[in-house]
Amino acid sequence: MKRKAKVSVVIPFYNCVYVDLAVESVLSQTYPQIEIVVVDDGSTRYTEKLDPYRDRIVYIRKANGGTASALNAGIRAASGTHFAWLSADDLFYPDKISRQMALLEQTGTKFCHTGYCYITGAGQRYPDPVSTPFSGKVHQIQTMMTGCPVNGSTVLMEMSVFSRVGIFNESLLYTQDYDLWLRVLPHYEWAYIPEPLLDYRIHPEMGSLQHGEAQAMEIRMVQATHFATLNQLLRKEARR
């Protein structure tokens, strides 16, 4: 019987009270070959929440450097053939990894993302899932040029993608994911599962609520950086 590929789930952790719930959601996955890499980005609080899981995770502690640096540290330490990212305040649904891996095998693609649901700090799920399917490549490029509908914690992709496009840009504080997806877009087709397979937690301490203006400025900078490449790709796809 063919051995299943290993998925390395990287959880960047910085003073997040929900980190144990995130780890539990990965341990509850139906997919059998999973490695959990928790990167403690200089936390001063809630590290004790990881104590019950030390024998089931790869734990890395580093000086605080931001989400991108934590993700990159996890990628370097990972032993899997595939990468997934879970923010420490979010939750995977039990069949997330298994469904994504099946879709990658079925489609022959190397990058997959999914729909998701918002939840409150207490875990109450909002009624309307977020689903943003693309009608085609042109629509996909146009959408990605104007904003990022891809939730980073829904993404699963082959580690080989990093060899081609590079890892996360550590100079970006808020848009390291958007920047990477824009680097991936010209080279790979994406698979998508419209159903929600992630709970995305909304709470007062989340960075997007605390640093909205700075995040908006960084979004515009990332879009400007990739505009020429994506505009060329858009013209190419429109001629097909």
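For the structure, see preceding data.
Structural notes, computed from the coordinates. (Residues numbered from 1 in each chain as written. Predicted model: local features only at pLDDT ≥ 70, side-chain atom pairs only at ≥ 80, totals over all residues. Heavy atoms only, no water.)

Some remarks on the overall build of the chain
Item 1. Looking only at helices and strands, the chain has eight helices and eight strands in total.
Item 2. In summary, the chain has a C-alpha radius of gyration of 17 Å against a globular reference of 18 Å for 240 residues, a match within 12%.
Item 3. Each principal axis of the C-alpha atoms in the chain carries an extent, and together these give about 55 × 50 × 40 Å.
Item 4. Buried residues in the chain amount to 49% of all 240 residues.
Item 5. Restricting the contact set of the chain to residue pairs at least 6 apart, pairs at least 24 apart contribute 76%.
Item 6. Mean positive and mean negative side-chain charge positions of the chain (24 and 24 charges, respectively) differ by 8 Å. (Helix = DSSP H or I, 4+ residues; strand = E, 2+ residues; numbered from the N terminus. Rg over C-alpha atoms; globule rule 2.2 N^0.38 Å. Buried < 20%, exposed > 50% of the residue type's maximum accessible area, 1.4 Å probe, protein only. Contact = heavy atoms within 4.5 Å. Lys, Arg positive; Asp, Glu negative; His and termini not counted. Charge placed at Lys NZ, Arg CZ, Asp CG, Glu CD.)

Section: the packing of helix α6 (residues 176-184) against helix α8 (residues 212-238)
Item 1. Between α6 and α8, the shortest axis-to-axis distance is 10 Å and the interhelical angle comes to 5 degrees. By the angle between their directions, the pair α6 and α8 is classed as roughly parallel. Between α6, through Y178, D179, L182 and R183, and α8, the contact on the second element is made entirely by I219, V222, Q223, H226 and L230.
Item 2. Considering only residue class, the contact of α6 with α8 consists of five nonpolar, two polar and two charged. (Axes fitted to C-alpha atoms, helices over the stretch in contact; angles between N-to-C directions. Parallel < 35°, antiparallel > 145°, perpendicular 65-115°, else oblique. Nonpolar A, V, L, I, M, F, W, Y, C, P; charged D, E, K, R; others polar.)

Some thoughts on the state of the cysteines
Item 1. Under the criterion given, the structure shown has zero disulfides.
Item 2. Take C117: it sits in no disulfide, and the sulfur closest to it among the cysteines is that of C112, at 16 Å. (Disulfide = S-S within 2.5 Å.)

Comments concerning the nonpolar core
When a protein is soluble and globular, its nonpolar side chains tend to lie buried together.
Item 1. In this structure, F83, F168 and W181 are the most contacted members of the largest nonpolar core, which totals 37 residues.
Item 2. Where this core is concerned, the elements lending two or more residues are β2 (34-41), α2 (67-77), β4 (82-85), α4 (137-146), α5 (160-165), α6 and α8.
Item 3. Residues I11, A84, C117 and L156 belong to the second largest nonpolar core, which totals 34 residues. (Core = buried A, V, L, I, M, F, W, Y, C linked by side-chain atoms within 4.5 Å.)

Examining α2
Item 1. Of all eleven residues in α2, eight are buried; the element is thus mostly enclosed.
Item 2. Listed as buried for α2 are A68, S69, A70, L71, N72, A73, G74 and I75.
Item 3. The secondary structure elements touched by the buried residues of α2 are β1 (7-13), β2, β3 (58-62), β4, α5 and α6.

Let's talk about the pattern of salt bridges
It is possible for side chains bearing opposite charge to pair when their charged atoms get close.
Item 1. All told, the structure shown has eleven salt bridges when counted by the stated rule.
Item 2. The salt bridge involving E170 is made with R76; its shortest N-O contact spans 4.0 Å. One end of the pair, E170, is in the loop between α5 and α6; the other, R76, is in helix α2, with 94 residues separating them in the sequence.
Item 3. On the accessibility criterion, E170 (39% relative accessible area) is partly exposed.
Item 4. By relative accessible area, R76 is classed as exposed at 57%. (Salt bridge = Lys/Arg side-chain N within 4 Å of Asp/Glu carboxyl O.)

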